[in-house]
Amino acid sequence: MASRTHRRGAARPARGGSPRRRLPLRLLLPLLVLVALAAMLMLRGYVHSEILADHRVQSPAPTDRVPEEILEGGPVIDARAGRTESLSVPDQRLVLTFDDGPDPTWTPRVLDVLKKHDAHAVFFVTGTMASRYPDLVKRMVDEGHEIGLHTFNHPDLSLQSKKRIDWELSQNQLAITGAAGIRTSLFRPPYSSFAGAMDNKTWPVTQYIGSRGYLTVVNNTDSEDWKRPGVDEIIRRATPENGEGAIVLMHDSGGDRSQTVAALDRFLPDLKERGYEFDNLTEALDAPSAHSPVTGADLWKGKAWIFLVQASEKITDVLVVGLAIIGTLVIGRFVLMLLLSGAHARRVRRKGFRWGPPVTEPVTVLVPAYNEAKCIENTVRSLMASDHPIEILVIDDGSTDGTARIVESLGLPNVRVIRQLNAGKPAALNRGLANARHDIVVMMDGDTVFEPSTVRELVQPFGDPRVGAVAGNAKVGNKDSLIGAWQHIEYVMGFNLDRRMYDVLGCMPTIPGAVGAFRRSALEPIGGMSDDTLAEDTDVTMALHRAGWRVVYAENARAWTEAPETVQQLWSQRYRWSYGTMQAIWKHRRAVIEKGPSGRFGRVGLPFVSLFMVLAPLLAPLIDVFLVYGLVFGPTEKTIVAWLGVLAIQAVCAAYAFRLDRERMTHLISLPLQQILYRQLMYVVLLQSWITALTGGRLRWQKLRRTGVVEAPGGSVPRQRSQSSDDRRPVA
Amino acid sequence: MTHGYTTGTGPEPAGPYGPYGTPHAGDPTGAAGMPYAVPRQRTAEPAPAPDPAAAPAAPEKPGRDRYLDLLRSIALVRVVVYHLFGWAWLTVLFPSMGVMFALAGSLMARSLNRPAVSVVRGRLRRLLPPLWAFAAVVLTMMFLNGWNPAKDPDHGDTWGLIGLFNYLVPIGAPPYPWHIGSPSGLLEDTWAVQAAGPLWYLRAYLWFVLASPLLLWLFRRAPWPTLLAPLGLTAVVGTGLVTIPGETGNAVTDFAVYGGCWVLGFAHQEGLLKQIPRYVSVSCASLVMAFGLWWASNHLGPDGWDLNDIPLAQATWSFGFVVILLQYSPSWRELPGRLKRWDRLVTLSNNRAVTIYLWHNLLIMATIPIVDLLYRLPFMQSERGVEALSSTYTIWMFALVWPLIGLMVLAVGWVEDLAAKRRPRLWPNGAKRSAGRRSGRTGAAHRG
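Criteria and cut-off values
- Residues numbered from 1 in each chain as written.
- Chains lettered and ligands numbered in written order.
- Predicted model: local features only at pLDDT ≥ 70, side-chain atom pairs only at ≥ 80, totals over all residues.
- Helix = DSSP H or I, 4+ residues; strand = E, 2+ residues; numbered from the N terminus.
- Buried ≥ 20, exposed ≤ 12 C-beta atoms within 10 Å, placed from the backbone.
- Contact = placed C-beta atoms within 7 Å.
- Rg over C-alpha atoms; globule rule 2.2 N^0.38 Å.
- UniProt positions renumbered as here; feature names shortened; annotations may be inferred.
- Axes fitted to C-alpha atoms, helices over the stretch in contact; angles between N-to-C directions.
- Parallel < 35°, antiparallel > 145°, perpendicular 65-115°, else oblique.
- Left-handed = near helix turned anticlockwise from the far one by under 90°.
- Nonpolar A, V, L, I, M, F, W, Y, C, P; charged D, E, K, R; others polar.
- pLDDT = per-residue confidence, 0-100.
- Pairing = 2+ DSSP bridges.
- Core = buried A, V, L, I, M, F, W, Y, C linked by C-beta atoms within 7 Å.
- Expected span 1.5 Å × (residues − 1).
- Bend = angle between axes of the 7 residues up to and from the residue.

(A) Representation of the overall build of chain B within the structure. Along the backbone of chain B there are 18 helices and 0 strands. Counting the 448 residues in chain B, one finds 53% classified as buried. Put simply, of all contacts in chain B between residues at least 6 apart along the chain, 80% involve residues at least 24 apart.

(B) Expanded view of the overall build of chain A. Across its full length, chain A holds 23 helices and 20 strands. The C-alpha radius of gyration of chain A comes to 37 Å, more than 25% above the 27 Å expected for a compact globule of 732 residues. Counting only C-alpha atoms, chain A reaches 115 × 55 × 45 Å along its principal axes. Considering only contacts within chain A whose residues lie at least 6 apart along the sequence, 82% involve residues at least 24 apart.

(C) Structural context of the UniProt feature "transmembrane region" (unreviewed entry) in chain A. Residues and elements named next belong to chain A. On the UniProt side, "transmembrane region" (unreviewed entry) is annotated at positions that read residues 318–340, 608–634 and 640–660 here. Helix makes up 100% of residues 318–340 and strand 0%. Its end C-alpha atoms lie 32 Å apart. Helix and strand shares over residues 640–660 are 100% and 0% respectively, and the end C-alpha atoms of the span are 30 Å apart.

(D) How the structure looks around the UniProt feature "domain: NodB homology" (unreviewed entry) in chain A. Following the UniProt record, the feature "domain: NodB homology" (unreviewed entry) maps to residues 92–279 of chain A here. End C-alpha atoms of residues 92–279 of chain A are separated by 11 Å, and the span's content is 42% helix alongside 18% strand.

(E) Summary view of unusual backbone geometry. Residue and element names in this part refer to chain A. Geometrically, the link from Gly101 to Pro102 is a cis peptide bond, its omega value of -5 degrees lying close to zero. By the element assignment, Pro102 lies in the loop between β3 (93–99) and α3 (106–116). Despite not being glycine, Thr151 has its phi angle at roughly 70 degrees, a positive value. Structurally, Thr151 is set in the loop between β5 (146–149) and α6 (162–180). We note that Tyr191 has phi near 60 degrees; this positive angle belongs to a residue other than glycine. On the secondary structure map, Tyr191 appears in the loop between β7 (186–187) and α7 (202–211).

(F) Region of interest: the packing of helix α11 (residues 296–349) of chain A against helix α21 (residues 621–633) of chain A. All names here are of chain A. Following both chains from N to C, one finds α11 and α21 inclined at 125 degrees, their axes separated by 9 Å at the closest point. The orientation of α11 with respect to α21, classified from their angle, is oblique. Crossing of α11 over α21 shows left-handed handedness. Contacts from Leu319, Gly322, Leu323 and Ile326 in α11 reach Leu622, Ile623, Val625 and Phe626 in α21. For the contact of α11 with α21, the per-class residue count stands at 7 nonpolar, 1 polar and no charged.

(G) Seen up close, the confidence of the model for chain B. Residue and element names in this part refer to chain B. Per-residue pLDDT for chain B has a mean of 79; in total, 79% of the residues score no lower than 70. The low-confidence segment residues 1–62, where pLDDT is below 50, has 252 contacts with residues more than four positions distant or belonging to other chains. The low-confidence segment residues 434–448 (pLDDT under 50) makes 26 contacts with residues lying over four places distant or belonging to another chain. Taken over the whole predicted complex, pTM reads 0.76, whereas the ipTM for its chain interfaces reads 0.75.

(H) Up close: the sheet that holds strand β16 (residues 440–444) of chain A. Pairing in this open sheet of 8 strands is mixed, and the strands run β15-β14-β13-β16-β19-β18-β20-β17 (chain A) from one edge to the other. In this open sheet, the two strands that pair with only one neighbour each are β15 (415–420) and β17 (449–450) of chain A.

(I) The arrangement of the nonpolar core in detail. Among the nonpolar cores identified, the biggest contains 214 residues, and A:Val365, A:Val442, B:Leu264 and B:Val322 are the most heavily contacted of them. Excluding residues that lie within four positions of it along the chain, B:Val322 makes contacts with B:Gly98, B:Val99, B:Ala102, B:Cys261 and B:Leu264.

(J) Spatial organisation of helix α9 (residues 246–270) of chain B. All names here are of chain B. If you check α9, its first and last C-alpha atoms are 36 Å apart, about what 25 residues at 1.5 Å a residue would give, namely 36 Å. Remark: the principal bend of α9, roughly 45 degrees, maps to Gly259. Most of α9 sits inside the fold, with 18 of its 25 residues counted as buried.

(K) Main features of the pairing of β3(A). All names here are of chain A. Buried residues dominate β3, accounting for 7 of its 7 residues. The two faces of β3 match: Arg93, Val95, Thr97 and Asp99 on one face and Leu94, Leu96 and Phe98 on the other face are all buried. Across 2 bridges, β3 lies against strand β11 (residues 277–278) in parallel orientation. Its bridge partner lying in β11, Leu94 is registered against Phe278. Where β3 and strand β10 (residues 246–251) come together, 6 bridges link them in parallel fashion. By the bridge assignment for β10, Leu96 is matched with Val248. With 4 bridges connecting them, β3 and strand β4 (residues 121–125) associate as parallel partners.

(L) Structural context of helix α9 (residues 258–273) of chain A. Residue and element names in this part refer to chain A. In a regular helix each residue adds 1.5 Å, so 16 residues correspond to 22 Å; α9 covers 23 Å between its end C-alpha atoms and thus fits that length. Buried residues of α9: Gln259, Thr260, Ala263, Leu264, Phe267, Leu268 and Leu271, and no others. Taken from the residues just after α9, Gly275 is the one with a positive phi, measuring 95 degrees.

(M) Structural detail: the environment of A:Leu627. All names here are of chain A. Checked against the element boundaries, Leu627 lands in helix α21. In this structure, the C-alpha to C-alpha distance between Leu627 and Val47, residues 580 residues apart in sequence, is 19 Å. Leu627 has contacts with Thr639 and Trp643, leaving out every residue within four places of it along the chain.

(N) Focus on the packing of helix α3 (residues 96–111) of chain B against helix α12 (residues 311–327) of chain B. All names here are of chain B. The interhelical angle for the contact between α3 and α12, taken along N-to-C directions, is 55 degrees, at an axis separation of 9 Å. Accordingly, the angle class assigned to the pair α3 and α12 is oblique. Crossing angle aside, the handedness with which α3 passes α12 is right-handed. Residues Met97, Gly98, Val99 and Ala102 of α3 form the contact with α12, whose own contacting residues are Ser318, Phe319, Phe321, Val322, Leu325 and Leu326. Grouping the constituent residues of the contact of α3 with α12 by class yields 8 nonpolar, 2 polar and no charged.

(O) Structural context of the environment of A:Glu555. Residue and element names in this part refer to chain A. With respect to the helices and strands, Glu555 occurs in strand β20 (residues 550–561). For Glu555, a count of 21 C-beta atoms within 10 Å puts it in the buried group. Once the C-alpha coordinates of Glu555 and Ser598 are considered, the two residues, 43 residues apart in sequence, prove to be 26 Å apart. When neighbours within four sequence positions are excluded, Glu555 is seen to be in contact with Val348 and Asn473.

(P) Quick peek at the confidence of the model for chain A. All names here are of chain A. Looking at chain A, the pLDDT average stands at 84 and 90% of residues meet or exceed 70. Every residue in residues 1–22 is under pLDDT 50, and counting partners more than four places away or in other chains gives 45 contacts. Overall, residues 699–732 carries pLDDT values under 50, and its contacts beyond four positions in sequence, including any with other chains, amount to 77 contacts.

(Q) Expanded view of the environment of A:Leu323. Residue and element names in this part refer to chain A. Looking at the secondary structure, you find Leu323 in helix α11. Sequence spacing of Leu323 and Ile623 is 300 residues, and the spatial spacing of their C-alpha atoms is 6.7 Å. If near-sequence neighbours (up to four positions away) are discounted, Leu323 is found in contact with Leu622 and Phe626.

If you want it as structure tokens, here you go:
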């Protein structure tokens, strides 16, 4: 990102209040996107059992309140409508049951084996898995198997409220309906085993579920295949004695089930030879099917559910790819920045480095000012201390606070004041250009303070005749507040490292309005400043590139500027920057296909700038989205460690940038907070610019409220205001 | 005037404090089982204690820092809500206790420009009469229920009697029975625990007041060590590294946990915070808070994230939180913008902070028999009616406790004025004339 300082717009009267009405929409859109994204991630966390999952298991309880006939009876418990009956599977019939599926790897193989041996079975599916793999549920139904409920996300129901039980059942049912268009009346409680294992805690649940119209199905033989005891052992445990009928418990999900599949492949033919039939439950009991078709609203609700879950899975995948892209971009950019800016610093700091013959000719300094009464004196006086011969032109852009009079009353030599009706900064600069006496023109803001050597350092690169413009090093003067410290880090790290990198790459996108120098002979052919965009400095810089001029960075030309002190001011400043940058990129888009220097810039600089200043920030929110997701749904610790890792990389880069700029490291202490408060502000502003650009909205902005914090340097660095900070606090 | 108060909180600012209920006293296990419908009360909770002394300042006078008043009111409301609903996350959302102690410390530092003895005496004079009023009622109820402190199994014989002195001057935690009455009585049999629990705050406040002349002397000589020492002490006595047994241990731990906030009040008053660039203080504070959260996540208590059970987390989180609140302290002469409509309530709660703090837990208990009356209503006899009422029980308690607090302010609030040597007022919400009284009252009832 390029830094500029704030610029003022012409004080256009706000028209008819319509901008006010637009604003909510602009806020609403990003908000909606964020809410939708959050909802999708929540949904994903939900069907992946990352939320609402309850892994507690009830400890054994006494059994004195469970009816004897249930404890002694068969595995199918009918507690519907007040009944207390048990049913058993007739001899020579086996009902295979598979719990916890469907699983994308193992369930298809189980189904294949069943199909091969022409067997039917019952699958007790969980709602989460059924929602994620609806096709497998459909296939089960199509191939003649029965589906049973196994709750939505597999809690021990004896620990849950009735409300939760109802919800577990209905969500489970919803997923099955969405997947296969049916409802089922079979139910198996999680963590269940034999009928004889019913106790005082689980029996009431069974009764309650019976009252809801479900048959509870437990088992006779438990293969314990989840322990992976070996194929022989699974078969031994699953096989009933003496040709009795049985309900066999197996699992098609929850880990490696290759033993289960292999066991089935032997078990099925073996027992068939011994006269067994493999039916689903209602076939074995000679009862009507447990499935009933669903139509109408319930069916559509189910389908909508499945659709949403599928969408959430895909969106998450897309987001992960996005995160990978942004991660690569961010790190790639850091590496590039470190390498190139290091190279730049080495080059310009080499002993005996010179741009060309020393530039000693006098230059004109243009100070456009709009209502800068508080700052203008500091600004002008700092220029008077310059060690380079200069002529100062203050262009008063229709100020109403007597800015021009203040300058005139200083009675300084070499300072001219030009007044114009309010026409905006580009017009003021053009007027200044027309009145400038020298060929080299320095431009600065009315709230910026130069060091004595700034002008000299800034114009030295013009010793190279190919250089058409020079960017100076803008620094934050008021960096003791939190928001000031954050901007300071951003200026030093982002802007100043960036500028070195762009200098080396030959595609500097912006000369900061606070401190820049131009050849008048370069500006005149391109028509001077233009008010086509909100970022006239970016616009003119790109135009210079296209005209074949070099634009370079003068690191020692430091200018101290007053950064916005409230979120609101910062917001409107950045909004103008990012929207203006987009406008400038769009304005110069034809450079991509042109020939000569324009084409070079269009094919190298422009895409580069677009990628890092306009496109990459679009993906930046993903970092926060995944941070929150990881914190909430886990793995919390890994997420925090990863985030701290990224923070550490940034801290290293920032420390390097601070060292290059010879800044004190203390401000880096606010880096962690910057990452969780400030960065978000920046990309939200960019998102808003995007929306403005896409919806063609108009932009309105206000001038920063100036407080005159930055003063003329007695030494080289402006004094921080320490005392009167209260007038900027929100004191009602 | 970045901070502190501007001119005065009134003639004699006293330490704001809020007593919170805490059950450290006595039994480490906390409150005994409560009936199902009622959420468990936190007995040991830091409720922000209103500050008896600050309250006395005449509210109408210009010069009160309404920002600090607002913080005190928020802290107070948060304490009541926390004690009622028992939501652990409230202790993270707003560490009321730390805020209250910081406000009190700041006022104390300001007062200590006068001779220390008279300041301490003034503080005690304002603190004790409201406590006596409360103790008179609670002790009468306990004795009528047949409690004999000399025979209480939890308190030795003579020590139990001597401990009663703490109802007069809460230099230690006063004794109370863990169970009194019968579980089927009008109040739960743990009501005494609930009622007396908040008294730990008075003890802590008293300790701080007595220690303040020395603390301030230390602070002026060595600001940073004095500021950070309580955190260090918490790391020693609040983490199990060193365990001081019994009630003394609780008192020392409280002193350490909130000592940092109290001294922060000094730092605010003395302008130390102003000297530090804001980015430094806020960044460091958030690092301290991050440490607190990290510590808490590794030392979750019986109620999860309830910082009251995690001394070091409470100390660090409160410390950082208070630094940020005081760093931004804007010194409002009056509440700005939309906050203005809360003006009277803020004034009232500041003027009656001690009363509200002392009585709120008992009043929360008192809502239960009243809400229970709803079960007798004819249209509540169906199963659905009962279920609807049970599932919304705390909401009814919540709605009811505010009018009860209002009544209690009317009944005993004037004691605070007497203690401050002022003309007793019935409803000091800053409104002119009695016309304000009615509106203020209903307002109080609705607010939560």
